[in-house]
Amino acid sequence: MFPISASMLKNPADYDASLEVSSRSLMPLVEYPLDEDGRMTVQNETAVWYRYMEMTPQAEALFRFIEQTIDTELAGELAFIANYDKTKKVVQEIVDMPDRQIDLFIRFCLQNNGQLSARKRTSHFDFLSDEEIVRMEQVVQSVYGNTTAGAG
């Protein structure tokens, strides 16, 4: 299982076009009113039109979304995980603390352009020295560079 929805959301026109292939020809055949909330009520028998639908355009679109997910989304995710593991290992060499806290430190730094905010330092890492914090931030920055904002 992998997240093709990210690819679909990045390409809404392609997704809509794949759905419209079927709906464009069917909509004139369906008798329906919309209520005040926009809900549709089908009034005629439509099952025969949906029983053996031609789904080639949807299958082709799905294949493109899967291909894009594999080529871009998964590649980016794997790179992030590899960087995360590398960062975690080096941070563990600087300070011996539980994995949960190391994960939290890395996440806070990634959310704040590679630096631990003063508030997060006070609330979660007041036991670390200034030197340890600086060294750990440098690890995050060296591994992730300027791509830290919004990572993960």
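An account of the accompanying structure is given in this report. (Residues numbered from 1 in each chain as written. Predicted model: local features only at pLDDT ≥ 70, side-chain atom pairs only at ≥ 80, totals over all residues. Heavy atoms only, no water.)

**So, the nonpolar core**
Part 1 of the argument: In this structure, M97, F105, L116, F125, L128, M136 and Y144 are the most contacted members of the largest nonpolar core, which totals 22 residues.
Part 2 of the argument: Of all the elements in the fold, those that place two or more residues in this core are α4 (56-94), α5 (99-111) and α7 (130-144).
Part 3 of the argument: The element contributing the most residues to this core is α5, with 7 residues.
Part 4 of the argument: Every residue in contact with Y144, bar those within four places of it in the chain, is listed here: F80, N83, Y84, T87 and L110. (Core = buried A, V, L, I, M, F, W, Y, C linked by side-chain atoms within 4.5 Å. Buried < 20%, exposed > 50% of the residue type's maximum accessible area, 1.4 Å probe, protein only. Helix = DSSP H or I, 4+ residues; strand = E, 2+ residues; numbered from the N terminus. Contact = heavy atoms within 4.5 Å.)

**Some thoughts on the environment of F80**
Part 1 of the argument: Structurally, F80 is set in helix α4.
Part 2 of the argument: F80 sits 64 residues away from Y144 along the chain, and the two C-alpha atoms are 8.6 Å apart.

**A short note on the packing of helix α2 (residues 12-26) against α4**
Part 1 of the argument: Their axes nearest at 9 Å, the elements α2 and α4 cross at an angle of 165°. On the basis of the axis angle, α2 is roughly antiparallel to α4. In the crossing of α2 with α4, the sense of the turn from one axis to the other is left-handed. Contacts between α2 and α4 involve D14, Y15, S18, L19, V21 and S22 on the former and, on the latter, P57, Q58, A61 and F65. (Axes fitted to C-alpha atoms, helices over the stretch in contact; angles between N-to-C directions. Parallel < 35°, antiparallel > 145°, perpendicular 65-115°, else oblique. Left-handed = near helix turned anticlockwise from the far one by under 90°.)

**Brief notes about the environment of V21**
Part 1 of the argument: Mapped onto the elements of the fold, V21 is located in helix α2.
Part 2 of the argument: Sequence-wise, V21 and T56 are 35 residues apart; in three dimensions their C-alpha atoms are separated by 9.8 Å.
Part 3 of the argument: Among residues more than four places away in sequence, those in contact with V21 are P57 and Q58.

**Comments concerning the pattern of salt bridges**
Part 1 of the argument: Counted by the stated rule, this structure contains 7 salt bridges.
Part 2 of the argument: One salt bridge connects D37 with R39, and the closest N-O pair in it is separated by 3.2 Å. The two residues D37 and R39 agree in class, both being exposed.
Part 3 of the argument: The partner of K88 in a salt bridge is D99, with the nearest N and O atoms 3.9 Å apart. With K88 in helix α4 and D99 in helix α5, this pair connects stretches of sequence that are 11 residues apart.
Part 4 of the argument: Overall, the relative accessible area of 16% leaves K88 in the buried class.
Part 5 of the argument: D99 sits in the partly exposed class, given a relative accessible area of 41%. (Salt bridge = Lys/Arg side-chain N within 4 Å of Asp/Glu carboxyl O.)

**Some words on the packing of α4 against α5**
Part 1 of the argument: In the contact formed by α4 and α5, the axes pass within 10 Å of each other and the chain directions differ by 120°. One element, α4, and the other, α5, form an angle in the oblique class. Remark: the crossing between α4 and α5 carries right-handed chirality. In contact with F80, Y84, T87, K88, V91 and Q92 of α4, α5 contributes D99, I102, D103, I106 and L110.
Part 2 of the argument: Class assignment for the residues of the contact of α4 with α5 results in 6 nonpolar, 2 polar and 3 charged. (Nonpolar A, V, L, I, M, F, W, Y, C, P; charged D, E, K, R; others polar.)

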